[in-house]
Amino acid sequence: MAAAATAAAVPSSSKTETYTDTKRKDDIRQANISAARSVADAVRTSLGPKGLDKMISSASDNSVIITNDGATILNHLNPLQPAAKMLVDLSKSQDSAAGDGTTTVVVVAGSLLRHCSTLLSSGIHPTVISDALHKTSLKAVDILTAMSVPVELSDRESLIKSASTSLNSKVVSQYSSLLAPLAVDAVLSVVDPQKPDLVDLRDIKIVKKLGGTVDDTEMVKGLVFDKKVSHAAGGPTRVENAKIAVIQFQISPPKTDIEQSIIVSDYSQMDRILKEERNYILGMIKKIKATGCNVLLIQKSILRDAVTDLSLHYLAKAKILVVKDVEREDIEFITKTLNCLPIANIEHFRVEKLGQADLVEEVSLGSGEGKVVKITGIKEMGRTTTVLVRGSNQLVLDEADRSLHDALCVVRCLVNKRFLIAGGGAPEIELSRQLGAWSKVLHGMEGFCVKSFAEALEVIPYTLAENAGLNPIAIVTELRNRHAQGEINAGINVRKGQITNILEENVVQPLLVSTSAIALATECVRMILKIDDIVTVR
Amino acid sequence: MAVEKILKDDASEEKGERARMASFIGAMAIADLVKTTLGPKGMDKILQSTGRGQLVTVTNDGATILKSLHIDNPAAKVLVDISKVQDDEVGDGTTSVVVLAGELLREAEKLVNSKIHPMTIISGYRMAADAARNALLQKVVDNKEDAEKFRSDLMKIAMTTLSSKILSQDKEHFAQLAVDAVMRLKGSTNLEAIQIIKKPGGSLKDSFLDEGFILDKKIGIGQPKRIENAKILVANTAMDTDKVKIYGARVRVDSMSKVAEIEAAEKQKMREKVQKIIGHGINCFINRQLIYNFPEELFADAGILAIEHADFDGIERLALVTGGEIASTFDNPESVKLGHCKLIEEIMIGEDKLIHFSGCEMGQACTIVLRGASQHVLDEADRSLHDALCVLSQTVNDSRVLLGGGWPEMIMAKEVDELARKTPGKKSLAIEAFSKSLLAIPTIIADNAGLDSAELVAQLRAEHHREGCNAGIDVITGSVGDMAALGISESFKVKQAVLLSATEAAEMILRVDEIITCAPRRREDRM
């Protein structure tokens, strides 16, 4: 029977069995590769300064996003196929490692996979390809490092140039002259001279406010709250020489953690209770006032009202400006900026815990609801900064936020690793040329694989040209030619539609973006190659 | 002649031939599934979860794959279990044990078909396993006395274990990490003291070993960011309020001022609690639960570093490494054991701030920080490193070492063949089958690397005919090589466990001649 048949086949089986097995494995590998490639193709057209945007409409809540940021597109793509998911993760890692180049990394991975599938079909073992890839990526990082230019943090011009290269491919590209210096200044202002290599982007707060245009985006040395001052009872909206307290308790009638109820037995008692409540609140406010505090930032409370109408009224009378509903996560940033300490109990309300600022005011932005609270001229301010982003509609605003984030990341990369490299496809074509040359001195299969990867890297200049409406083949051939003649910085000038020395055109990007794109893309491709089965589990 | 029904309606039974066939097929299917992950050129599998979130895991670890499978076949379940046991006992060889058991059954099936009684096969297998084990025992090398050599043995074992995993490219780096970590344990197998933290970003090469302990938490606002000679109190207590835990407890008052009094009393209670805690003479307080704003401020005022919401794992390990005890009442300061360490400070890894405890009481403690491109890579790196750590810690205790690359299998096969020739009767057939199964492992390693397995294994066998031969499969060059020269080693303990548990599992499945599936328990409420 069946068992007998298998049994008979077993002794000599290892040949035939491996044969059928390989068929299935090849199928799975090809399925993975093609799924991953289709993801890469989806974002390919958004690469480069003339890349186009994608409109993403989400089915669940009917929201619409317009973006050019690879990581954002992929994040919303939500593919089911596991290999496609890995590409999405790849772009996320690039986002966290370098912040920019999220499209590039996916496009490179897609192209590498395409060349891998040709190599596989010519019968090369996946692990050989994978090892060759690893070697190539190490070599590629060396080549890139060799062609980079060192940059000093004091060289503001170069920093701005690289930030604007990143911004040029975004929706907000026309504002790059405004946003690029802003990003540079913001990052430089949070760099601690004692630890010059560390930049914590959480020290830069981005506040988005609808209304106005992107032109109105500004950097504020101080704090901005996207909230109105609570002036229900006609309290002040502008305070000079402010003494600011960040409080984590509530100015409202007392409430215990244990369940409680007040029993009112007659009319006079009711009166007394109301009076007591008033006195209680008044007592608190007097204590606050006694320290000379005139601005209160009140943390949001889920247990009870942070402030009541009554307390607001008394606060207004005491000429204290109130901002309520400050999130607990923001407290650390605020206290760091104001150089003050949060106060969790009225008993601890002391002068030394207050922060000081020259001016706290409610600024109205245009008409209607657009009001924000600004705190400026903070004494002994911490190393933080706030950027107020404006935009005419939510879509532009969100995209401006994302673009600014990318630009900030670019500047941060430069602070971490102070090298610049040319943009415009120059590094990729140079890599391709040098790796091609290197492949000729390698032995065996490896040389063949490396040569294939060298070709795969040409996808970046090719796509740049294609997206800009140029003839890709002509441009890439010309580019290759120029590099062969030793012009290592020749790249595609998309604006002029020709090949120029890209360093002179001020198109530069941080070295970290390029190296991490290559390293991450190869790591991901190697992982996909090594998979030979998909198992469904619980 | 009505046959009475013995079993319930939904229950089924399979007997004799059919039962045996079902278990053979199930076990072999499992073995075939994981077989391609074996060896340095083994492939990975994607595990796609059908549950919520559709999580994707990419792995090469046999135990992880088997653990997550849906399995209905009872024999297959036995194999999954032995792989789990192998994982718990020695940590590595989880794939090998399943593959070997599968091969043993494959051979047994042929014997059964040629009318040999399963019991005869079993006793043959037993004899063969004993012979194989003795063969290994004769060949083991023990370098415990020579510290230098022992360390290099450990390095070799770590590299061999890691070479079949995702970390293969940086295996030297990670082998170094693992050996350093295990050497710090000074012979204890308590891997708890080695903490692995995964942080996305950077590349695998940026991973490092840090002496001391790292906690992935933030220091409270306004509190010192650096403490020297820290006295640490580790606690699991509510730091919001001590609620009255009687259901429905409530207070009735008749005026607002009384409510205020109760509130003040509650605050006072908290303040007393904090005072008591401070009274322990500590300068660092770590709580498993949340610390609210109010106590946080009190701690800040007292200049005490307070860390809230440390996870359960973290807190137990912290108590372990700092030598403290987890406290939940604070009335008797003298009975609470405090933890100590030289320095607490905030450090940055990647984008995140973490708290670093160095110079801990328990000198063995250390932390390995893994960096990698994505969560998949990190998870897999974690699994691989865990395997290496397990094997190393076992080897430190039992320092007998063997060569790798199919060498032990060849030695065993040779000895078993020898035995088969000497044994009279049908048993010898079973013994011969055992040696054939052993040879399957080098065959699969070669097959996975895309090499000509038949040719290689034949060459190996010829080489092994000489005494004291070190030949094994060198997958990298695709030829027979000297394992001692290539530095490929394996722990004796792992090999022994693979051999014995695979044999036992095969035996157990062979004994089966009837499978009874019980009737599923009905749910009353829903039909």
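Residues numbered from 1 in each chain as written. Chains lettered and ligands numbered in written order. Predicted model: local features only at pLDDT ≥ 70, side-chain atom pairs only at ≥ 80, totals over all residues. Heavy atoms only, no water.

Focus: the overall build of chain A
Assigned secondary structure in chain A consists of 17 helices and 19 strands. Its C-alpha radius of gyration of 30 Å places chain A more than 25% over the 24 Å reference for a compact globule of 538 residues. Structurally, chain A occupies a C-alpha span of about 100 × 75 × 40 Å along its principal axes. A burial count over chain A gives 56% of its 538 residues as buried. (Helix = DSSP H or I, 4+ residues; strand = E, 2+ residues; numbered from the N terminus. Rg over C-alpha atoms; globule rule 2.2 N^0.38 Å. Buried < 20%, exposed > 50% of the residue type's maximum accessible area, 1.4 Å probe, protein only.)

Observations concerning the overall build of chain B
Counting secondary structure elements, chain B contains 16 helices and 20 strands. Projected onto its principal axes, the C-alpha positions of chain B cover 95 × 75 × 40 Å. Burial analysis of chain B (527 residues in total) assigns 55% to the buried set. Restricting the contact set of chain B to residue pairs at least 6 apart, pairs at least 24 apart contribute 75%. Charged side chains of chain B number 67 positive and 79 negative; the gap between the two group centres comes to 3 Å. (Contact = heavy atoms within 4.5 Å. Lys, Arg positive; Asp, Glu negative; His and termini not counted. Charge placed at Lys NZ, Arg CZ, Asp CG, Glu CD.)

So, the side chain of Ser 452 of chain A
Residue and element names in this part refer to chain A. Within the secondary structure, Ser 452 sits in helix α14 (residues 444-457). Residue classification places Ser 452 among the buried positions, given a relative accessible area of 9%. Residue contacts for Ser 452: discarding those within four places in its chain leaves His 115 and Leu 119.

Some thoughts on the interface of chain B and chain A
Of the residues lining the interface, 74 residues belong to chain B; the matching set on chain A comes to 75 residues. Carbon and sulfur atoms supply 55% of the area that chain B and chain A bury against each other, a total of about 6,900 Å² over both sides. Counting across the chain B and chain A interface gives 2 salt bridges. For Lys 45 of chain B, the salt bridge identified is with Asp 533 of chain A, shortest N-O distance 3.7 Å. Considering each element in turn, the side of chain B that touches chain A owes the most residues, 9 residues, to helix α8 (residues 256-278) of chain B. Strand direction decides the pairing type here: strand β19 (residues 531-537) of chain A and strand β2 (residues 44-49) of chain B, joined by 6 bridges, are parallel. Across the sheet, residue Asp 533 of chain A finds its bridge partner in β2 of chain B, namely Lys 45 of chain B. (Buried area = accessible area lost by both parts, 1.4 Å probe. Salt bridge = Lys/Arg side-chain N within 4 Å of Asp/Glu carboxyl O. Pairing = 2+ DSSP bridges.)

A word on the packing of aromatic side chains
Residue and element names in this part refer to chain B. Taken as a whole and assessed by the stated rule, the structure comprises 2 aromatic pairs over all chains. Where Phe 285 meets Phe 299, the ring centres are 5.0 Å apart and the plane angle is 25 degrees; that geometry is what we call stacked. Residue Phe 285 is located in strand β10 (residues 284-287), and its partner Phe 299 is located in helix α9 (residues 293-301); the two are separated by 14 residues in the primary sequence. Neither Phe 285 nor Phe 299 differs from the other in exposure class; each is buried. (Phe/Tyr/Trp six-rings, centres within 6.5 Å; stacked < 30°, edge-to-face > 60°.)

A look at unusual backbone geometry
Unlike most non-glycine residues, Asn 506 of chain A shows phi in positive territory, near 65 degrees. Looking at where Asn 506 of chain A falls in the secondary structure, it is placed in the loop between β17 (498-501) and β18 (508-510). The exposure class assigned to Asn 506 of chain A is partly exposed, which follows from its relative accessible area of 38%. Even without being a glycine, Lys 115 of chain B presents a positive backbone phi close to 65 degrees. As for its position among the elements, Lys 115 of chain B is in the loop between α4 (94-113) and α5 (118-139).

Comments concerning the sheet that holds strand β3 (residues 56-59) of chain B
The mixed open sheet is built from 3 strands, whose spatial order is β19(A)-β2(B)-β3(B). Bordering the open sheet on either side are β19 of chain A together with β3 of chain B, each of which pairs with just one other strand. When the angles between neighbouring strand axes are averaged without regard to direction, this sheet yields 20 degrees. (Axes fitted to C-alpha atoms, helices over the stretch in contact; angles between N-to-C directions.)

Some words on the pairing of strand β9 (residues 295-299) of chain A
All names here are of chain A. Among the 5 residues of β9, 5 are classified as buried, and the element is accordingly described as predominantly covered. Side chains Val 295, Leu 297 and Gln 299 project from β9 onto one buried face, and the interleaved Leu 296 and Ile 298 project onto a second face that is buried too. Relative to β9, strand β7 (residues 238-247) runs parallel, the two being bridged by 4 bridges. Among the inter-strand pairings, Ile 244 is bridged to a residue of β9, identified as Val 295.

Focus: α5 of chain B
Residues three or four positions apart in an α-helix share a direction because the helix packs 3.6 residues into each turn. Residue and element names in this part refer to chain B. Between its terminal C-alpha atoms α5 stretches 32 Å, which fits the 32 Å expected from 22 residues at 1.5 Å a residue. For α5, every residue scored as buried is listed here: Pro 118, Ile 121, Ile 122, Gly 124, Tyr 125, Ala 128, Ala 129, Ala 131, Ala 132, Ala 135 and Leu 136. Residues of α5 that are buried in the fold lie against α1 (16-35), α4, β16 (400-403), α12 (407-422), α13 (427-448) and α16 (492-511). (Expected span 1.5 Å × (residues − 1).)

Observations concerning the packing of helix α3 (residues 74-89) of chain B against α4 of chain B
Residue and element names in this part refer to chain B. Between α3 and α4, whose axes approach to 8 Å, the crossing angle comes to 145 degrees. α4 is crossed by α3, and the crossing has right-handed handedness. On the side of α3, the interface is formed by Leu 79, Ile 82, Ser 83, Gln 86 and Asp 87, while α4 contributes Thr 94, Val 97, Val 98 and Ala 101. Grouping the amino acids of the contact of α3 with α4 by side-chain chemistry returns 5 nonpolar, 3 polar and 1 charged. (Left-handed = near helix turned anticlockwise from the far one by under 90°. Nonpolar A, V, L, I, M, F, W, Y, C, P; charged D, E, K, R; others polar.)

Points about the pattern of salt bridges
Applying the stated rule across the entire model yields 34 salt bridges over all chains. Among the salt bridges present, the one from Arg 480 of chain A reaches Glu 458 of chain A, with a minimum N-O distance of 2.9 Å. Taken together, the residues Arg 480 of chain A in helix α16 (residues 472-484) and Glu 458 of chain A in the loop between α14 and α15 (459-467) connect sequence positions 22 residues apart. Classification of Glu 458 of chain A as buried rests on a relative accessible area of 14%. A salt bridge links Asp 382 of chain B to Lys 198 of chain B, with the nearest nitrogen and oxygen atoms 3.3 Å apart. Of this pair, Asp 382 of chain B sits in helix α11 (residues 375-397) while Lys 198 of chain B sits in strand β5 (residues 194-200), and the two are 184 residues apart along the sequence. In the salt-bridge network here, residues are joined through shared partners; they are Asp 32, Lys 35, Glu 103 and Arg 106 of chain B.

Some details on the sheet that holds strand β4 (residues 141-142) of chain B
All names here are of chain B. One open sheet holds the 3 strands; their spatial order is β4-β16-β19, and the pairing between them is antiparallel. Taken across any chain shown, the strands that pair with only one partner, and hence form the sheet edges, are β4 and β19 (489-491). Looking at chain direction, β4 and β16 are connected through 2 bridges and run antiparallel. Looking across to β16, one finds that Asp 142 is bridged to Arg 400.

Looking at the environment of Leu 464 of chain A
Residues and elements named next belong to chain A. Mapped onto the secondary structure, Leu 464 falls in helix α15. Here the alpha-carbon distance between Leu 464 and Gly 51, two residues 413 residues apart in the chain, equals 7.7 Å. The contact partners of Leu 464, leaving out residues within four places of it in the chain, are Gly 48, Pro 49, Gly 424, Gly 425 and Ile 492.

Let's talk about the packing of helix α9 (residues 267-290) of chain A against α8 of chain B
In a packed pair of helices, the relevant descriptors are the angle between the two axes and the axis-to-axis distance. Across the interface, α9 of chain A lies against α8 of chain B with an axial gap of 8 Å and an inter-helix angle of 45 degrees. Here α9 of chain A is positioned oblique relative to α8 of chain B, judged by the angle of their axes. Facing Ile 273, Glu 276, Glu 277 and Tyr 280 of chain A of α9 of chain A, the residues of α8 of chain B in contact are Met 256, Ser 257, Ala 260 and Glu 263 of chain B. Across the contact of α9 of chain A with α8 of chain B, the residue classes break down as 4 nonpolar, 1 polar and 3 charged. (Parallel < 35°, antiparallel > 145°, perpendicular 65-115°, else oblique.)

Overview of helix α3 (residues 70-77) of chain A
Within α3 of chain A, the full set of buried residues consists of Gly 70, Ala 71, Thr 72, Ile 73 and Leu 74 of chain A. In the segment just after α3 of chain A, Asn 78 of chain A is the residue with positive phi, at about 50 degrees.

Here's the deal with the confidence of the model for chain A
Detailed reading of the predicted model is not advised wherever pLDDT is low. Here chain A shows a mean pLDDT of 80. Residues at 70 or above account for 91%. Contacts from residues 1-20 of chain A, a stretch scored under 50 in pLDDT, to residues over four places away or in other chains number 12 contacts. (pLDDT = per-residue confidence, 0-100.)

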